[in-house]
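# What the coordinates show
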Amino acid sequence: MMFAVPPVLLTLALTMPVSDKMPTFDVRGSCQAATQQMTLDAGRQKLCLADEGSARAEVAKHWSSYPAGDRTRCAAEAQLNGLPSYVDLLECLTLAREAKAEDGQ
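The present account deals with the structure reproduced in this document. (Residues numbered from 1 in each chain as written. Predicted model: local features only at pLDDT ≥ 70, side-chain atom pairs only at ≥ 80, totals over all residues. Heavy atoms only, no water.)

## A few points about the layout of surface pockets
Just so we agree on the cut-off: Put plainly, a pocket is an open set of points on a 1 Å grid over the protein atoms alone with protein on both sides within 12 Å along at least five of seven lines, a cavity is a set where a 1.4 Å probe fits but cannot get out, and a lining residue has an atom within 4 Å of a point. Grid points are joined across faces, edges and corners, and a volume is the space filled by probe spheres set on the points. Under the DSSP-based scheme used, a helix requires at least four consecutive residues in state H or I and a strand at least two consecutive residues in state E, with every element numbered from the N terminus. Residues are sorted three ways: Asp, Glu, Lys and Arg are charged, Ala, Val, Leu, Ile, Met, Phe, Trp, Tyr, Cys and Pro are nonpolar, and all the rest, Gly among them, are polar.
In this structure, the largest pocket occupies an estimated 280 Å³ of space. If you trace the largest pocket, you find 17 residues lining it, with Ser30, Cys31, Ala34, Cys48 and Glu52 closest to the centre. Mapped onto the lining of the largest pocket, the elements with two or more residues apiece are helix 2 (28-38), helix 3 (42-62) and helix 5 (86-103). The element that contributes the greatest number of residues to the lining of the largest pocket is helix 2, accounting for 7 residues. Taken together, the residues that form the lining of the largest pocket break down as 8 nonpolar, 5 polar and 4 charged.

## Observations regarding helix 5
For the record, the criterion: One less than the number of residues in a helix, times 1.5 Å, gives the span that helix is expected to have. Note on exposure labels: buried denotes an accessible area under 20% of the residue type's maximum, exposed denotes more than 50%, and partly exposed covers the range between, all computed with a 1.4 Å probe on protein chains only. Read the arc as the range of directions from the helix axis to the C-beta atoms. Pairs of N or O atoms are called polar contacts if they sit within 3.5 Å, as long as, within protein, a hydrogen donor faces a hydrogen acceptor (for residues adjacent in sequence, only side-chain-to-side-chain pairs).
The end-to-end C-alpha distance of helix 5, which contains 18 residues, comes to 26 Å, matching closely the 26 Å that a straight helix rising 1.5 Å per residue would cover. Of the residues making up helix 5, those classed as buried are Tyr86, Leu89, Leu90, Cys92, Leu93 and Ala96. End-on, the buried residues of helix 5 take up no more than an arc of 165°, which puts them together on one face. N-capping of helix 5 is provided by Ser85, with a side-chain oxygen placed 3.2 Å from the backbone N of Val87. Positive backbone phi, at 80°, marks Gly104, one or two positions downstream of helix 5.

## Things to note about the pattern of salt bridges
Selection rule: Salt bridges are counted wherever a side-chain nitrogen of Lys or Arg sits within 4 Å of a carboxyl oxygen of Asp or Glu.
Under the defined criterion, the tally for this structure stands at 6 salt bridges. The salt bridge partner of Asp26 is Arg28, with a shortest N-O separation of 2.7 Å. Bridged by salt links that share partners, the residues Asp70, Arg73, Glu77 and Lys100 form one connected network.

## Observations regarding the state of the cysteines
Heads up, the rule is: Cysteine sulfurs are considered disulfide-paired once they come within 2.5 Å of each other.
In this structure the tally under the stated criterion is 2 disulfides. With its sulfur 2.1 Å from that of its partner, Cys31 forms a disulfide with Cys48. Residues Cys31 and Cys48 are joined through a disulfide that is left-handed, its torsion about the S-S bond being -80°. With Cys31 in helix 2 and Cys48 in helix 3, this pair connects stretches of sequence that are 17 residues apart. For Cys48, a relative accessible area of 18% puts it in the buried group. Residue pairing for Cys74: its cysteine sulfur links by disulfide to Cys92, the two sulfurs lying 2.1 Å apart. Here Cys74 and Cys92 share a disulfide; its torsion about the S-S bond, -70°, makes the bridge left-handed. In this pair, Cys74 is assigned in helix 4 (residues 68-77) and Cys92 in helix 5, connecting sequence segments 18 residues apart.

## Focus on helix 4
Cut-off, in case you're wondering: Residues count as neighbours in contact if any of their non-hydrogen atoms are within 4.5 Å of one another.
Every buried residue of helix 4 is accounted for by Asp70, Arg71, Cys74 and Ala75. Taken end-on, helix 4 shows its buried residues confined to a sector of 120°, consistent with a single buried face. In the core, the buried residues of helix 4 are packed alongside helix 5.

If you want it as structure tokens, here you go:
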């Protein structure tokens, strides 16, 4: 038996973030923008990429332990300005976890 899926529900399903899978960000633009704002030193961009790689590894290690709602919200927030960042994602997830710990949840 086949069920018809209303187009509105299909559209929502296709546009809703999937929090089970860690997002894949291209952080080169973020690091390039940050480097241009701070300095013209090309070495800064390498440091930024290294920081992003470390943050990505940390997020990946603990991704499944973060609540689904936090994963979805933080993944969206980490790319709001069009310049995605694993550092921002990690910071958001960490702050969410700490806030829940303070609340005793």
